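Descriptive structure summary
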Amino acid sequence: MRLRVAILFVAFFALWVVLDGLAQSGGPVVSGAHRFEKVAEGIYYATASGTMNVGANSPIIVTDDEAIVIDSQITPAAARALVADLKAVTTKPVRYVVDSHYHYDHSFGNQVFPSEVQVIGHDNTRRRMLTNVMEQYTFLNSVQPVPARVDALKQRIAQESDPQQKTALERQVANSLAYLEQVKEVKVTPPNLTFDRTMTLYRGGREIRLEYLGRGHTDTDVVVLLPRERIVCTGDLMESVVSYMGDSFPEDWIATLERLKALDFETVMPGHGVVFKGKTKITAFQKYLREVITQAAALRRQGLSADDAAQKVDVTSYKEEFASIRGVGVDPAAVRRIYQLAEHPEP
């Protein structure tokens, strides 16, 4: 028995050494449902796969004493998976969670963290999460279309002859059904520590600045700046893909991104997409926003509904910068929001 335990211990230690070696060398570490990309020493970018693949990406900051998670994932199940998988890159406990904003795919994992963990967010994040966020369009749109999507996938599976393609479609069905089950567990859990404009943590030799730069993707967006490393974690205020605009303040967003660019950083770890360098993409997104606002306003003056206008907005000139742009048309939620603010401004 002792020999078996010793063998198991040696095997476990060898695996830990391999994983740690990969992490220290800069190569990605895949653990369970997550892939950890090393961005700098002790700084990782966690992306999910499988049943967790519809949520946000989570920057991880490791200090001398603990791990700090930015965005707790889309469901409690996803958050538990992240905490478990995190052991592949650090054995230090999670003591802080930062909500980059209030949206479900960034904060619905908050509930899995024990009460001694500080969950930090903007004042508005707590305020919004104390309302009926699970009854609002942004969350419901992640749940309500799923049954119809599953039915469509099952029809494709029945007609598919390629075994690999059929397996991929079956995986999509399983993931979609798993998500519907996972959201049943959600108990919206607001931050237990909030701030208005700025907060600075000094943890284990790291300076970690939390900044609220103004309204943009929402009125709750927090960016996390690591001054020494010149890294900024932007949530959905700035992504490497086109960001959702359904709860946005588009005019303010352009100005807020200008304040973001004024910070001293070289590397951006966004809420969705991939890590990128520099500020060129931010400028491109500012121009994209201006284009959507201008075209939507013109189509509104012509009397088109928001949904009809959304099909006509042409931002294909930005497809080289944002590969998710495939053709003419934008998310109707973006144009609905522009129309809503034109009719009912929110000061």
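Up top is the structure these notes are about.
Below, the structure is looked at part by part. In this text the structure is predicted, and so the values were computed from the model without any measurement. (Residues numbered from 1 in each chain as written. Predicted model: local features only at pLDDT ≥ 70, side-chain atom pairs only at ≥ 80, totals over all residues. Heavy atoms only, no water.)

Among the nonpolar cores identified, the biggest contains 37 residues, and L257, L260, Y288 and V335 are the most heavily contacted of them. Of all elements in the fold, only β11 (223-226), α8 (250-261), α9 (280-301), α10 (306-312) and α11 (332-343) reach the threshold of two or more residues within this core. A total of nine residues in this core trace back to one element, the largest contributor, which is α9. Those residues in contact with L260, other than ones at most four positions away along the chain, are L213, V223, V232, T234, L237, M238, F265 and I282. Of all hydrophobic cores here, the second largest spans 21 residues; its members include I68, I120, I208 and L226. (Core = buried A, V, L, I, M, F, W, Y, C linked by side-chain atoms within 4.5 Å. Buried < 20%, exposed > 50% of the residue type's maximum accessible area, 1.4 Å probe, protein only. Helix = DSSP H or I, 4+ residues; strand = E, 2+ residues; numbered from the N terminus. Contact = heavy atoms within 4.5 Å.)

Attention shifts here to unusual backbone geometry. Positive phi values are uncommon outside glycine, yet D71 reaches one of about 80 degrees. Looking at the element boundaries, D71 is found in the loop between β5 (67-70) and α2 (76-85).

This part covers the packing of aromatic side chains. In the structure shown here, the tally under the stated rule is eight aromatic pairs. Ring plane angle 55 degrees and centroid distance 5.5 Å describe the contact between F108 and F139, whose orientation is recorded as tilted. With F108 in the loop between α3 (104-107) and β7 (118-122) and F139 in helix α5 (residues 137-143), the pair connects residues that are 31 residues apart, well separated along the chain. A residue is classified by how much of its surface remains accessible, and F108, at 2% relative accessible area, is buried. You can call F139 buried: its relative accessible area is 6%. Ring pairing ties together the aromatic residues W253, F285, Y288, Y318 and F322, which thus form one cluster. Its guanidinium or amino end placed over the ring of F265, K279 lies 4.7 Å from that ring's centre, counting from NZ or CZ. The ring of F276 has K281 sitting right over it, with the charged end atom 5.9 Å from the ring centre. (Phe/Tyr/Trp six-rings, centres within 6.5 Å; stacked < 30°, edge-to-face > 60°. Lys NZ or Arg CZ within 6 Å of the ring centre and 35° of its normal.)

The next point concerns the environment of T280. Take T280: it is sitting in helix α9. Overall, T280 belongs to the exposed group, its relative accessible area being 60%. For the pair T280 and E321, spaced 41 residues apart in the sequence, the C-alpha separation amounts to 9.4 Å.

Here helix α6 (residues 146-159) is 14 residues long and its end C-alpha atoms lie 20 Å apart, about the 20 Å a rise of 1.5 Å per residue gives. Of the positions making up α6, those classed as buried are V146, V150, L153 and I157. Buried residues of α6, seen end-on, are gathered within an arc of 65 degrees and therefore sit on one face of the element. Exposed residues pointing more than 90 degrees away from the buried face of α6 are listed as A148, Q155, A158 and Q159. In this fold, the buried residues of α6 make contact with α5 and α7 (163-182). (Expected span 1.5 Å × (residues − 1). Arc of directions from axis to C-beta.)

This next bit is on the environment of V89. By the element assignment, V89 lies in the loop between α2 and β6 (94-98). For the pair V89 and K261, spaced 172 residues apart in the sequence, the C-alpha separation amounts to 31 Å.

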